Amino acid sequence: MATSPMPAENKSPAETSTDYEAAAREGLQPPHVEYDIERVEAVYRKLDLRIIPAFWILYFLCSAIRSNIGLAQTMNADVGHDLITMLGLSSNDISTTLALFYVSYVIFDCPSNLVMSRLSPRVWMARIVFAVGVIGACFTVVQAAWSLKFLRFLLGFVIAGMWPGMSYYLTLFYPPSRTGKRIGQYFTAAQVSAAVVGLVSAGFQLMDGVGGLVGYQWMFLIYGLLAVVLGWTLLWWLPERPLPPGQKRTRSGFMKWLPPTPEALTGEDALVHYEDLKRVYHPRPWTLKDLGLVLIDWRLWPLTLMYFGVVGVGIGTQLYGTVIIRGINPSFTGVQLSLLFAPIWIMDLIAILLVTPISDRFHRLRPLFFSCAVCIQIAGLLTVTFAPTSNPWARYGGLLMVGFGLGPTVPICMTWTNEIFQRRHGEVGVAAASALVSGLGNLGSITTTYALYTGWPADAAPGRHQYRKSNLTMIGILCVSILSSFVMFVALKITGNKSSHKVNSGGGSTIDDSDGFQDGAARRELQQRGFGRMWWSKRG
């Protein structure tokens, strides 16, 4: 029979901790304790200070390394020191090079995330960043098209699992209903990276010829070395997954040779977190059968189609933004292109900071937030496509609209994936589904980089209608994303999202047969937070 929750104020932290340790020694279920919501939120804010800055910096650097090849195509082009001229690349070479990254990324994204769920997430994330830095620095010495293509394929291989791995890692410390804002916070690193890398590239262009390296080579080298240093630093910075109160962490195997990291939470903070997110403390080791249940779950496909459209537009804008701006006004210099590229991502960042916290507070309306943002992207692409060529700044304004609409879509899609699959399939559901949605959704990136824009020679021809067909194709794909979110919302209303039978019977789920829900966060997720407990309501 379930025990009634006991208010935390009835016992001191020392007494509560003693109860947990005694229960752990005797193999019993620790007592249920209810903590005030303000105390719970204070614990999550403490976790934010430990995890989010590390994620922000690593995503900033990895995004810069992944996308700086787009800037390299125009850097110092006026003196023939751009990537295309130096390596003698054709339009097909560029499209193939960009697409090969996503080929390896799609193939290895899910396996990487599954490995992370079996090993130490902290160590696996550090491994990814270190390897990205090594490969990124190697771009400095490429001398031919084949080596550029090979390194892009390797870069996709080593970075695979980073983005869904970060999403999975968050669910070890936060309930899914609180991850949208956090994903948005570190996702802003990609936007700041796109803006800052564009601005800093102007400085790298001024270093052209220093030390026998051209501007884009300095860019590849410096970002790569910074990522190598960060990879080592993350071994101390990121915490390991939390352990139940009273359980001691043991280091075995290769972990004995790696530096230890401080626990994420200690004392009463650890007890509060355990009561609020008990589901992550008692995971049931997943099997191939569990993985199979995730792979055949129909819920994967609407989420993948949602992701396909928005990430295709996002990567297309990131890689071809300067090319599109040059098409608006061919007289722009390389430095002007870099400076005009940055505001697109500033708009993206503003939208993330505005929308993702609200989407967490109204977590049952995520598809509405997603669809509204996609509509803004469509409006921006229509403006870029049909605004008169005599008014290039109107077309540039369309790109700013695209940037604003892009911002919240990817964090919302990943958060919704976590919410659906953690409840239905447990930890393996989050690990596999987030990677599959991210990996398969990045086929949109392959479409954008290989089949559209410069990969479509007839559409890339200079003139009034340059890139028109590519833009209209992306609008069509975005309409599919909106339709998929609507289908997903309606289907969940009809079929529900109950835990699979395998998870229910395995003992490591979010559902507890004795009292309905296993932790405090799951009980609160039954209702939306809305605008309650905002700063103005507290003051009132």
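Residues numbered from 1 in each chain as written. Predicted model: local features only at pLDDT ≥ 70, side-chain atom pairs only at ≥ 80, totals over all residues. Heavy atoms only, no water.

## Describing the side chain of R241
No. 1: Mapping R241 onto the fold places it in the loop between α9 (215–237) and α10 (267–276).
No. 2: Of the residues examined, R241 reaches a relative accessible area of 18% and is grouped as buried.
No. 3: Of the polar contacts made by the side chain of R241, one reaches the backbone oxygen of V280; its length is 3.0 Å.
No. 4: The contacts of R241, once residues within four sequence positions are left out, are Y168, L172, F173, R249, V280, P283 and E427. (Helix = DSSP H or I, 4+ residues; strand = E, 2+ residues; numbered from the N terminus. Buried < 20%, exposed > 50% of the residue type's maximum accessible area, 1.4 Å probe, protein only. Polar contact = N/O pair within 3.5 Å; in protein donor to acceptor, adjacent residues only side chain to side chain. Contact = heavy atoms within 4.5 Å.)

## Some points on the nonpolar core
No. 1: Of all hydrophobic cores here, the largest spans 155 residues; its most connected members are F55, L58, M162, W163 and Y216.
No. 2: With 18 residues, the top contributor of residues to this core is helix α2 (residues 37–72).
No. 3: Here F55 is in contact with M166, Y169, L170, Y186 and L238, once residues within four sequence places are set aside. (Core = buried A, V, L, I, M, F, W, Y, C linked by side-chain atoms within 4.5 Å.)

## Quick notes on the packing of aromatic side chains
No. 1: As enumerated under the stated definition, the model contains 21 aromatic pairs in all.
No. 2: Consider the rings of F101 and Y105, whose centres lie 6.0 Å apart with planes at 20°: the pair is stacked. On the criterion of helical spacing, the pair formed by F101 and Y105 is a turn pair, its members being four residues apart in helix α4 (residues 91–118). Taken as a pair, F101 and Y105 share a single burial class, namely buried.
No. 3: Members of the aromatic cluster, connected to one another through ring pairs, are F55, Y59, W163, Y169, F173, Y186 and F187.
No. 4: The ring of W286 has R118 sitting right over it, with the charged end atom 4.2 Å from the ring centre.
No. 5: Across from the ring centre of W124, 4.3 Å away, lies the NZ or CZ of R127, which sits over that ring. (Phe/Tyr/Trp six-rings, centres within 6.5 Å; stacked < 30°, edge-to-face > 60°. Lys NZ or Arg CZ within 6 Å of the ring centre and 35° of its normal.)

## Focus: the packing of helix α8 (residues 179–206) against α9
No. 1: Contact geometry for α8 and α9: axes closest at 9 Å, N-to-C directions at 125°. The angle between α8 and α9 falls in the class oblique. Helix-helix and strand crossings are classified by hand; for α8 and α9 the assignment is right-handed. Residues V197, V200 and F204 of α8 form the contact with α9, whose own contacting residues are G215, W218, M219, I222 and Y223.
No. 2: Looking at side-chain class alone, the contact of α8 with α9 contains seven nonpolar, one polar and no charged residues. (Axes fitted to C-alpha atoms, helices over the stretch in contact; angles between N-to-C directions. Parallel < 35°, antiparallel > 145°, perpendicular 65-115°, else oblique. Left-handed = near helix turned anticlockwise from the far one by under 90°. Nonpolar A, V, L, I, M, F, W, Y, C, P; charged D, E, K, R; others polar.)

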